[in-house]
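Next come the chains, spelled out residue by residue.
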Amino acid sequence: MSRGGKKVCREGGSSTEAILYPGGCKEVSDEMHVDELIRRLKVLASTFQSMGQEENAYDEYVPLCLLLAEEAFLNHSSKDVRLLLACCIADILRIYAPEAPYKDQEQVKTIFKFLIEQLEGLKDPKDPAFKRYFYLLENLAYVKSFNMLFELEDAQDIFCTLFGLIFQIVNDEHSGKVKSFMLDVLCPLITECDTVSNELLNIIMVNIVEPVKTSKKNAYQLAKDLIVKCSETLEPYIQNFFNQVLICGKEDLNLFMSQKVYDLIYELNHICPSILLSVIPQLEYKLKSSDVTERIGSVSLLARMFSEKESSLAVNHNQLWQAFLGRFNDICIPIRIKCVQYSMHFLLNHPELRTDIVETLKLRQHDGEENVRFEVVKAIVATAKLDFAVVSESEDLLNYVKERTLDKKFKIRREALQGLALIYKTHLSAEYVPDPTRKAVTWIKDKILHAYYISSLDDRILVERLLNGCLVPFQLPSEERMLKLLYLYGTIDEHASRAFVEIQKNLLLVRRHVAELLNCVRNFDKQTPETERQLSVRISQLTKFLPDPVKASEFLCKFAADLKQDKQLMSIMELIVSPITDCKVCADSVNLVLKKLGAPVMTNLYYNTIKILLQRMSSVLIDRDALIKLLSILHSCRLANKEVLKSLGMSKEMAIERGLRLVTVLAFVFPNHFGEEQTLTLLIRLLTLVTENLQPAVLTALTYIGKAKPIGQYQVPLMGILVPHCQNMLVTGTPKQGKEAIRCLYTNMTPATRLQTFSQVVEALKANLEPGNSSYRTSIVGLGHIAYLMPEEFRNEMRGIVSQKVVKELLVNPPRTDDDRYKNPDPWCEEDDLPEITRAMIAGLKTTVRWLLGLKSDYKSASKTFKMLTAFVETGGGFINAKVDFSEAEKSWLRLAAGSAMLKICEQKGVGDQFTAAQFCTLSKLMNDEVVEVRNRFATKLHRGLARGIPHKCLPLDFMGFYALGGYEMDRKQRSLLKGFMLSDVSKRREYIKGLLVSASERATEQLPHIMPDYMLVFSVPVLTHSPRYTSYMDQDELSQIKDCLWFVLEPLILKNESYSFGFYKSLIERMKNHVDSLEPENEEVNSKMYAVCDIALGLILQRSTSFEMKDYPSEPRIPPMYFKRHEDPFFSNARSYLPPDMQYAAPKKAGIPISVVSETAKRQGRKLKRECQALDEHGNVSIDAQPMDATQTRLEIPGIQTETDDEEPAPKTLRLTRRSAAAAAAATASLKPTEVSVSSPVQTDPPPNGTEVQGETITGEIQEMETEEVVGIPELEASTCADTDEMVVLSGLEEVEEEEEMPELPLQVPLPLNEEIQVEDEEPKASSRRGRPRKTEHTKIVSLPPDEGRSLRTRSGVTTRGRGKI
């Protein structure tokens, strides 16, 4: 380049300095016109750009360089001037590097601040001047011009400005080259500088965390690249920052990164993990910090870092990983929730960590906080949805979800059940399912259906929805849907199959109630009080099937009003409830109804309520086409169709057996869908194609079909095929075939042809009525059913057969031989193992009962039958004139059969009123029979009789008193079963009473004393008084047992009873004490025993009552004269206490009990203990860990269904105490209040040896953790006491019951739910007044008698009768 130049003199102050310009360049001055200045600066910039870096070659231009850096130029108003000046200065710095001509530090700072300002022009690559800005950036990067600032004191401030500007202007439009030069400018300022300030570090780090990370992705990428390139230099500064924050706790609040410490660590671990090698272990201090906020932050950070895919952090930092696992048990609930939420990522991304995670989840699924348990379920279900193989490999994970289906909180149960159902639908509904996957979830369908046993209505609605939506998707075509249904029913266990039956029965029940509502609305032409009452009753019945009955009643009233106004809506609803509507039409109709109800949003409660009702009443699985497909599948199974059997996953025999059971259930619920000739033909053909043990199922199905519409009326040709088959079974078949054949013929034949056919049948059966005949027992069973179904048509013949052939020749003088002796000495055996003659005797007992029930009013025969059955109960057949004695097992069966027969007779008014109080007490002995199988089956029969057809078709209220003997039961399973039966019976009666009061019937008040379960106490007193185990009223051990028995029945009557009245029970007991025993009225010992029982009952009421209000009760106390006789002294008042002094109770003053009734020495005062204990760790500090809980504290238990439990019993939980010793706390637990750590009876004087039992909770000698929350959805039940847990809730759901022969209308004998249909009959057959149930007679009048008896006796035609059990 030419070195020639032009020298210009410039005046500056008092001296004149000559400035040399390069050749071709003209003088520049800040006073020039802008355009001219720009032209000259361009030439000058071009000249500087062409100069090299030759040492000392351009010293003559130093004055020019200084001129260009003057403030007048740097602050020029023209943007272009400033840009050209910046380019010139950048070139000057390049040319004179490493010694710039600028020596003054203030001037250097001013220059570089000016250069930084000019770099802002880089933000718009579309700017015409962008190339010059780029040149400026390139020049600065190439020469590392900013390095000359290292010697300045405030260099870091300038760097902060530069870094901030670069991160601010970088954007998507910048090319990679531009970003590369930006890095070249910034990196040397970090790598070559002696220090990096926290402020500069803050500017860099703020770009790698939110919100900048998301909003400015280019800045994030630039910062990321910068950190990677400068990692070695930045590492000590970053470590020092984290040391100050994490260990020393020193935070500079002015720095944004101090607020984002954990986010920074997470991002840095992603960007450059090596930077954090010494920082990561320090997080253990934060994990164990006493500050909850710090622990939450560190846990959130480590959860993300540990769980990320391909992360090796847990392997490289095992100690930190173990510390993190400890936070799954943190005392802070949000921390436990956070840990559990990330468990899904661990399970999916890190197989090597699954074992640790599964173990921690095992504890968390029993967490006392419901949200933690909820997150456990969500995490496992989410994992299964994404990768089911992960879950199927670890059976424990699905077992955790399985256990949470019994959680105390409905939202957790719902999440668990929905998750399992979705897994089932996704993985088991596929065409090809790997065997490991199929085996891993075979129990899912069982568990979902088991949830129907929970009494909460929300659970039942959920199970019904899951059945139709996931287990058997209703959208599938008919054939595929029936395959799924058959597979479901064919592979579920017995409990689940009963639940399935219950679902179908509830569907039928809801449809009936809705049909009644529609009929009531249709006939609501004129608004009258009667029509309004009927509509109110129908709506009240329907609210039992919907959540929140109050709101449901309001919305149902609105729906009824819509039905009145909208004829189209009415016609659609009628189509839905029609028994012949097919599935598709029903589903479409439901959608049409929903469209009329408004927007489907959560706030539209009206929409949601009616939607639930429609879901519960819609038949979307079964129609005529589906049944034809189902029967065709069964025929294919019989032909061993390999493809069908493979899809079902069952053997041929199993598929046919379970398929016929399914057909039987469907015939009971949907009989009208079987009306097609093709359907009936397929079903009747199965009679000849299946084995004899399966034929009764076909006959039962045909019986149910005939009840809806007899086959003989509309399918005469098919009846002609059916009759010969049935007659053949009666002659040569098994007793089961004979019974079902008679029922089938009777139901499906027309009255005109019935008598002729049955006359022939009776003659054939009489011919086989010989002990040696192979069809002997079949004939006995068949004749019994004919006698029951057609009592008048064969009245004389049956009397002779029963009295001569059955009673005299079989029951009293059985033709037994040595071959008929049962050789096994055990007290029990299966019925099939009994000798044939013994089984014939049992059938004879049932036949006698059926004959008697058919007659209804043969009181003389009923009395004789009761005497014979009582003898069987007492001796087990020992009174019989048999040449060969009965074995113990045979006696057990005969006792059971006789007791069951007595119960069956007592269900029938008339003949059932003829037993005496002595026979009643004798029958009660079976509740405490020495053989547990007898006790179990008898209790089941008792419960079934009490639950059937309340109030007129069930056992009298007297028999509720039998439950008191459950207090003697030592077998835990049997005791739990009795408890469930009793709670169910009490609940059903309360539900019926509510409906009765809503109906506002005139007879409601008269019926109440015969229905109210409160009178169970009255009938328990004579049962306990005459119990063989109660011999002396002074024996404290026996009285303690009596106390247990009384509390067994009083617990559901007192606790959580909204209508409980202390005054009612007090008056009831006082009146009983003013009577004498009716069996032995002159026996002072017996009377004293009875009075002692009353005193114990009064003491329990005083002890357990929380309110002593003497409020009115729906019924006045009445005493049944059958068991209690009025004292001969009309003014007799029994105020004496018959208990030993140690067992007497102190009456609270507000209870209103006379002082003479109880002993003053029995008074005690309760004490209070506040919960003053804190958990301490091993070092004596306050622990940050949550205390573990038992599974039983978070899980419901359903009686009759065994759940998996750990092999080892969990150790009792103890807490270290502060300010009070553990021994002192344990000693005080006996006096704690229910709302505190423990509960104790305020006036109990004889604590049980195994702990203090109070209101269903057992507290041992140690302080135990207890949840204070109540179980939702089970308002009528109380927590029952168990030996090994302090909070076990037993549900009254579907009980285990054996198939009953006497009630063909219940296919699998599943008890109806508590929301059973209310039936108020208008007429009842006239019968004796000796019934503990309501009577309805035309000519009945009340006779004026003393208060205790006036309401207990009635007269008919002037004759006074004693009322057995009549209250």
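In the block above lies the structure referred to throughout.
Rules of the game
- Residues numbered from 1 in each chain as written.
- Predicted model: local features only at pLDDT ≥ 70, side-chain atom pairs only at ≥ 80, totals over all residues.
- Heavy atoms only, no water.
- Core = buried A, V, L, I, M, F, W, Y, C linked by side-chain atoms within 4.5 Å.
- Buried < 20%, exposed > 50% of the residue type's maximum accessible area, 1.4 Å probe, protein only.
- Axes fitted to C-alpha atoms, helices over the stretch in contact; angles between N-to-C directions.
- Helix = DSSP H or I, 4+ residues; strand = E, 2+ residues; numbered from the N terminus.
- Parallel < 35°, antiparallel > 145°, perpendicular 65-115°, else oblique.
- Left-handed = near helix turned anticlockwise from the far one by under 90°.
- Contact = heavy atoms within 4.5 Å.
- Salt bridge = Lys/Arg side-chain N within 4 Å of Asp/Glu carboxyl O.
- Phe/Tyr/Trp six-rings, centres within 6.5 Å; stacked < 30°, edge-to-face > 60°.

Peer 1: So, the nonpolar core: which residues are in play, and what are the values?
Peer 2: Phe-163, Phe-242, Ile-265, Phe-324, Leu-702 and Phe-959 are the most contacted members of the largest nonpolar core, which totals 387 residues. Residues Leu-518, Phe-555, Met-573 and Leu-597 belong to the second largest nonpolar core, which totals 38 residues.

Peer 1: Can you tell me about the packing of helix H29 (residues 494–522) against helix H32 (residues 567–577), naming the residues and giving the values?
Peer 2: Packing of H29 against H32 leaves a shortest axis separation of 10 Å and a crossing angle of 150°. Classified by the angle between their axes, H29 and H32 sit roughly antiparallel to one another. Crossing angle aside, the handedness with which H29 passes H32 is left-handed. Contacts between H29 and H32 pair Arg-511, Val-514, Ala-515, Leu-518, Val-521 and Arg-522 from the former with Met-570, Met-573, Glu-574, Ile-576 and Val-577 from the latter.

Peer 1: For the pattern of salt bridges, give the residues involved together with the corresponding values.
Peer 2: The final tally for this structure, using the stated rule, is 50 salt bridges. For Asp-407, the salt bridge goes to Arg-404, with nearest N and O atoms at 2.3 Å. Residue Asp-407 is classed as buried on the basis of its relative accessible area, which comes to 0%. Look at Arg-404 and you get buried, because its relative accessible area is 0%. Here the salt bridges do not stand alone but share partners, grouping Arg-373, Glu-403, Arg-404 and Asp-407 into one network.

Peer 1: A description of helix H9 (residues 198–205) should follow, citing residues and the corresponding values.
Peer 2: Judged by how many residues are buried, H9 sits mostly within the fold: six of eight residues are covered. Residues of H9 that are buried make contact with helix H7 (155–169), helix H8 (176–191), helix H11 (217–229), helix H12 (231–247) and helix H13 (261–271).

Peer 1: Report on the environment of Gln-534, specifying residues and quantitative values.
Peer 2: Among the secondary structure elements, Gln-534 is positioned in helix H30 (residues 529–543). Judged by relative accessible area, Gln-534 falls into the partly exposed class, the value being 34%. Considering only alpha carbons, one finds Gln-534 and Phe-524, 10 residues apart in sequence, at a separation of 9.7 Å.

Peer 1: Give a description of the packing of aromatic side chains that names residues and reports values.
Peer 2: The final tally for this structure, using the stated rule, is 30 aromatic pairs. Ring geometry for Phe-306 against Phe-324: centres 5.5 Å apart, planes inclined by 50°, an arrangement best described as tilted. Note that Phe-306 is positioned in helix H15 (residues 292–307) and Phe-324 in helix H17 (residues 318–326), a separation of 18 residues in sequence. Seen from their ring centres, Phe-324 and Phe-346 are 5.9 Å apart, and the 50° between their planes marks the pair as tilted. Of this pair, Phe-324 sits in helix H17 while Phe-346 sits in helix H19 (residues 343–349), placing them 22 residues apart in sequence. Judged by its relative accessible area of 0%, Phe-324 falls in the buried class. Classification of Phe-346 by relative accessible area gives buried; the value is 0%. Through successive ring pairs, a cluster of aromatic residues spans Phe-866, Phe-915, Phe-920, Phe-938, Phe-959, Phe-962, Phe-1019 and Tyr-1123.

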